[in-house]
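What the coordinates show
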Amino acid sequence: MESYNTDDIIFALATPWAQSALSVIRVSGEGCRNLLASCFSRPSALVQAANATLVHGYITDGKEGEKLDEVVAAVYTEGHGYTAEEAVEFTCHGSLPGLTRILALFKRIGMRSAQGGEFTFRAFLHGRMDLTQAEAVQELVSSQSERSQALALSRLEGGLREQITAAKEELLTILAAVEVQLDYAEDELDEFVFPRQMLAQLQHSVSVLASTYSVGKMYGQGARIVLAGATNAGKSSLFNLLLKQDRSIVSNVRGTTRDYIEADCSIQGIPIRLYDTAGLRESSDSIENEGIKKTERLIGQADLVIYLIDSTDIAHIPPQDAKTLLVYNKSDLVKPPQGALAISAQSGEGVSSLVEAIASRLTSGFGSTGDEQVIIESERQHLLLEQTAEALKRALELVDADVPLDITAVELGDAMQNLGELTGEVTPADILHKIFSGFCVGK
Ligand SMILES: Nc1nc2c(ncn2[C@@H]2O[C@H](COP(=O)(O)OP(=O)(O)OP(=O)(O)O)[C@@H](O)[C@H]2O)c(=O)[nH]1
Ligand SMILES: [Mg+2]
């Protein structure tokens, strides 16, 4: 079983390995200030500094005290700072030769280069954060969109931890009532009424939380949107409008787009890969047919298909399905049907409503506005929440079937175990190591 050694002093470059104005090197572990004092121009200032203060000085090497760099050391005493153990963060100049020398020196004086996730692991170990918050650190660092960054930040602040703690407390209340009933003979107690309503509400809130995963994943990893429809429907016009640049050729010649074109954009904070495709029609041109085949493949792989209908020629309207949004284009020429989603890709009319409709469809209404809803992004959390919801559902079914209470108690116990794994209280060490070693910070 792999795990981190937590008794030694670790260090790592916290900023990228690249030339820059400044770089930060973190050091953490009991006694690190005494050790660092041997290579700092103001040893006693460093050792005696109060918590959360800055000490200016030079990192020096050897008996002669050769200056390697002028730095500012942020000092944290035990119980404080990110890892909640004695730590120093040096802000150095971002010179690669300078950093190379400092990192080599730190190794030479007896510190160890940190593995990925070690600083956050120590923060978790010292109770600075639970496992959902530790995972949020990594999600925050690697977020690709504003929304995904904001959602990760709210999880880091403890949004998810609070929800899971509340669920645990409710489950504990239910379990306590069940255990009292199991511990005493029936005739010693008043008639027992199972807190079914409470269990049903808990089951519901856990499954809602689990279902936010599809949305969190969308904000994190993005979505593929395919513009499809008959030739001349206005797909390339809409493509250019959404990208705010002339990328695709627009013309009144049917079959202008023969091969698909893709580009990245963002729709209400969701990273989007947008595809303009060859118009769908019967054709005897083999190249065009190849393009149409590719369109069909892209439709199969899409998260959302925007099927454009030319309002001046509504010969073919495909059936609406879960991943298709039917949009009537050229609303400036022909009035679209009542209640239909309509735009003019030429004038831009209706496009903001289309953008709203796309975001709402992709996020199933969750979290497209405001951030009051906690949304998860981690597959591990999703799995554990789903297992919790399933165990609670089985417990409800057992209660309804009047099965002996000890069998229900097993399901409730399983649910509690899963919630404990979510926050890291009962997560096995090898799984913890696997989670933290995947982090990119602290390398
Ligand atoms: N009046 C009007 N004309 C439009 C509108 N959208 C597109 N057009 C025109 O319709 C013609 C076809 O537009 P495109 O965007 O090239 O259509 P497409 O769906 O990409 O066509 P193919 O690439 O051939 O499949 C062009 O002449 C556009 O200027 C619209 O909203 N109103
Ligand atoms: Mg086109």
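All values reported here derive from a predicted model rather than from experimental measurement.

A few words now on the nonpolar core. Counting residues in each nonpolar core, the largest one holds 32 residues, and the members touching the most others are I225, L238, I272, L274, I343, I358 and L362. Elements with a minimum of two residues in this core: α9 (213-221), β7 (223-229), α10 (235-243), β8 (261-267), β9 (270-276), β10 (304-310), β11 (324-329) and α12 (351-362). Looking at which element gives the most residues to this core, the answer is α12, with six residues. When residues no more than four places from it in sequence are discounted, the contact partners of I358 are I225, I267, L304, I306 and L325.

Protein ligation of the magnesium ion (ligand 2) involves S236 (OG) and T257 (OG1), the donor distances falling in the range 2.0 Å. Placement of the pair is S236 in helix α10 and T257 in the loop between α10 and β8, with a sequence separation of 21 residues. For the residue pair S236 and T257, the accessibility class agrees, reading buried in each case.

With that settled, consider the packing of aromatic side chains. Aromatic rings in a pair are described by how distant their centres are and how their planes are angled relative to each other. Applying the stated rule across the entire model yields nine aromatic pairs. Where F121 meets F124, the ring centres are 6.3 Å apart and the plane angle is 40°; that geometry is what we call tilted. Here F121 pairs with F124, and both are found in helix α4 (residues 118-125), just three residues apart, close to one helical turn. Owing to a relative accessible area of 12%, F124 belongs among the buried residues under this scheme. Taken together through their ring pairs, the aromatic side chains of Y4, F121, F124, F436 and F439 make up a single cluster.

Moving on: the domain arrangement of the chain. Each assigned domain of the chain is listed here: domain 1 (10-130), domain 2 (160-212 + 378-424) and domain 3 (219-362). For domain 2 and domain 3, the distance between their C-alpha centroids amounts to 46 Å.

Between its terminal C-alpha atoms helix α13 (residues 379-400) stretches 31 Å, which fits the 32 Å expected from 22 residues at 1.5 Å a residue. You can read the cap of α13 off the contacts: a side-chain oxygen lies 3.2 Å from the backbone nitrogen of R380, and it is on S378.

Right, let's talk about the site of ligand 1 for a bit. The environment of ligand 1 is made up of 24 residues, and the closest members are K235, S236, S237, G255 and T257. One of the side-chain nitrogen or oxygen atoms of S236 is found 2.8 Å away from an oxygen atom of ligand 1. G279 has a polar backbone atom sitting 3.3 Å from an oxygen atom of ligand 1. Here ligand 1 is seated within the largest pocket. With three residues, the top contributor of residues to the shell around ligand 1 is α10. Classifying every residue of the shell around ligand 1 gives six nonpolar, 14 polar and four charged.

Thresholds applied
- Residues numbered from 1 in each chain as written.
- Chains lettered and ligands numbered in written order.
- Predicted model: local features only at pLDDT ≥ 70, side-chain atom pairs only at ≥ 80, totals over all residues.
- Heavy atoms only, no water.
- Core = buried A, V, L, I, M, F, W, Y, C linked by side-chain atoms within 4.5 Å.
- Buried < 20%, exposed > 50% of the residue type's maximum accessible area, 1.4 Å probe, protein only.
- Helix = DSSP H or I, 4+ residues; strand = E, 2+ residues; numbered from the N terminus.
- Contact = heavy atoms within 4.5 Å.
- Donors = N, O, S within 2.8 Å, 3.2 Å for Na, K, Ca; no water.
- Phe/Tyr/Trp six-rings, centres within 6.5 Å; stacked < 30°, edge-to-face > 60°.
- Domains from an automatic or database assignment.
- Expected span 1.5 Å × (residues − 1).
- Polar contact = N/O pair within 3.5 Å; in protein donor to acceptor, adjacent residues only side chain to side chain.
- Near = heavy atom within 4 Å.
- 1 Å grid on protein atoms, 1.4 Å probe; cavity = no way out; pocket = protein on both sides within 12 Å on 5 of 7 lines; lining within 4 Å.
- Sits in = over half its atoms within 2 Å of the grid points.
- Nonpolar A, V, L, I, M, F, W, Y, C, P; charged D, E, K, R; others polar.

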